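Structural overview for review
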Amino acid sequence: MLSQVRLRLLPSARCLFDEPVQVTVTGLRSRQLVSIRARSIDQKNITFCSSATYKADERGEIDLGRDPSLSGSYVGVEPMGLLWSMTADAVHKKFLKTHSSIPQVVKFSVHEEGKGSRMLAETTNERLLIGDGVTRVPVRYKHIRGALFVPLGPGPFPAVLDLYTFGADLSEKRPSLLASRGFVVLTVALHNDMSKDINEIHLDYFEEAVEFLRQQDKVGSKGVGVMSLSKSADLALSIASYLSGVEATVWINGCSANTAFPLYYKNTQLHPPLLFDPKKLKPVESGAFNCKHCVDDTKAEKNKATLIPIEQAKGRFLFVASEDDQNWDSKAYMNQMVDRLRQHRKENFECLCYPGAGHYLEPPYGPYCKSSIHSLARKPVLWGGEARSHAAAEVHLWTKVQDFFRLIVIRCCIATGEINN
């Protein structure tokens, strides 16, 4: 049986991280029950696994794009379910794959159902974080420290400043994948020295980043896009509102106010921080905490100065809110921003809401994270969402983000005559 059964990944066993693969099995007995498993190890040496039971058709074949899982990590027809349903062998762990040069390696295998679970076939999926021809250039320019990703070809390309959130490692996954889709991307941390405790953030640092990005030879516009998530999303609002040269801003599950740290520009404080109260953390049965209501009320008079004047922004916004975000109430913050813009007769925004999705919306097909260590609370917290809905949201959003940046920045180029209509 071992020599007859074939497990194939189509169109290729080597692909980009954000690309789907078709998983098929042939050579089984007619109507045979088997389990198909996936296993991957992240950069912290944490093992993530999934398993689903399938029944072969009369020809002894299984196609995950056609056939439903009967039980296991998920049920129903889910072509990429084995990837997004993988869970860690330890509690409160998020799959980490932050270095663009190191692909995610996934071991797929087919096993007999029942006692022994003999393996019938296996194959390996190499999921690259950076596409062929994309170059990575370490950046040390004035105060900024980061990495620049440049696509193959003469350009011109739309430019994106990718703001990672807090953490020990600067994640290159999202910027390197965006570059693989035809963007010049600069990724920077939220502070020029993440090894030190942060007491304040300076907008001048991001002004240098925008300046550097606009100077790149392959950038096809005087304006750039800004990509953000969580804490970095309120910084993106401030960058769009106070700095020139920003044409498009993607805000994902952030806040409408400046959070956590005071924000300065040219040695003057722009906004005090909206504060986080750790006493409001609520423990749950898993050992994690719910922190959704730990942030102060943005509508309180005492917090008025923390609100960011987004009506000053010259570019467009794409606001993205997960309706089951347990980090904070992203949808409520999005509604506040929409109301504020409309009060100023501004319509320079689009909104996306995802029911059943949690806080960490990232490039698609990575393992869903239910809970992990919060970099500010320094405790495990719930991120919200349900795995299937969250995975579907990531697939949809990834395309929308690229379309948004491409259309906005290209329109800017057409308006300035840099690209012919």
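Higher on the page you've got the structure.
This one's a predicted model, so the numbers in the text were calculated from it and none came from an experiment.

This next bit is on the overall build of the chain. Scanning the chain from terminus to terminus reveals six helices and 25 strands. Here the C-alpha radius of gyration of the chain, 23 Å, is about what a compact globule of 421 residues would show, namely 22 Å. When the 421 residues of the chain are sorted by exposure, 55% land in the buried category. Considering only contacts in the chain between residues 6 or more positions apart, those separated by 24 or more positions represent 69%. Approximately 18,300 Å² of the chain is accessible, and the part contributed by carbon and sulfur atoms is 50%. Taken together, the 52 basic and 46 acidic charged side chains of the chain have centroids lying 1 Å from each other.

Let us look at the sheet that holds strand β6 (residues 62-63). Across the sheet, which stays open at both edges, the three strands sit in the order β1-β3-β6 with antiparallel pairing between neighbours. In this open sheet, the two edge strands, each paired with only one partner strand, are β1 (6-10) and β6. Both strand β3 (residues 22-26) and β6 contribute to a ladder of two bridges, which runs antiparallel. Bridge assignment links Val25 to a residue of β6, and that residue is Ile62.

An order of β11-β12-β14-β13-β16-β17-β22-β23 is seen for the eight strands of this open sheet, with the pairing classed as mixed. Among the strands making up the open sheet, the edge pair consists of β11 (135-141) and β23 (349-354). Here the average twist between neighbouring strands, direction ignored, is 20°. Where strand β12 (residues 144-150) and strand β14 (residues 184-188) come together, four bridges link them in antiparallel fashion. When the sheet's bridge partners are listed, Phe149 is paired in β14 with Val185. In the packing of helix α3 (residues 203-214) onto the sheet, contacts are made with β11, β12, β13 (159-163), β14 and β16 (224-229), and the angle to β12 comes to roughly 30°. Strand contacts of helix α4 (residues 231-242): β13, β16, β17 (246-252) and β22 (316-322), with the helix running at about 155° to β16, the strand carrying the most contacts.

This paragraph deals with the pairing of β1. By the alternation rule, side chains of β1 split into Leu7 and Leu9, which are all buried, and Arg6, Arg8 and Leu10, of which none is buried. Bridge count for β1 against β3 is five bridges, and the pairing is antiparallel. The residue bridging Leu10 from the neighbouring strand is Gln22, located in β3.

With respect to the helices and strands, Gln402 occurs in helix α6 (residues 387-416). Relative accessible area serves as the criterion here: at 9%, Gln402 is assigned to the buried category. The contact partners of Gln402, leaving out residues within four places of it in the chain, are Leu178, Arg181 and Phe183.

Right, let's talk about the pairing of strand β19 (residues 268-271) for a bit. Bridge analysis of strand β18 (residues 263-265) against β19 gives three bridges, and the strand direction is antiparallel. Bridge pairing links Tyr264 to Gln269 in β19. The turn joining β18 and β19, which pair antiparallel and follow one another in sequence, is formed by two residues; a positive phi near 55° is taken by Lys266.

Calculation criteria
- Residues numbered from 1 in each chain as written.
- Predicted model: local features only at pLDDT ≥ 70, side-chain atom pairs only at ≥ 80, totals over all residues.
- Heavy atoms only, no water.
- Helix = DSSP H or I, 4+ residues; strand = E, 2+ residues; numbered from the N terminus.
- Rg over C-alpha atoms; globule rule 2.2 N^0.38 Å.
- Buried < 20%, exposed > 50% of the residue type's maximum accessible area, 1.4 Å probe, protein only.
- Contact = heavy atoms within 4.5 Å.
- Areas by Shrake-Rupley, 256 points an atom, 1.4 Å probe, with all protein chains shown as cover.
- Lys, Arg positive; Asp, Glu negative; His and termini not counted.
- Charge placed at Lys NZ, Arg CZ, Asp CG, Glu CD.
- Pairing = 2+ DSSP bridges.
- Axes fitted to C-alpha atoms, helices over the stretch in contact; angles between N-to-C directions.

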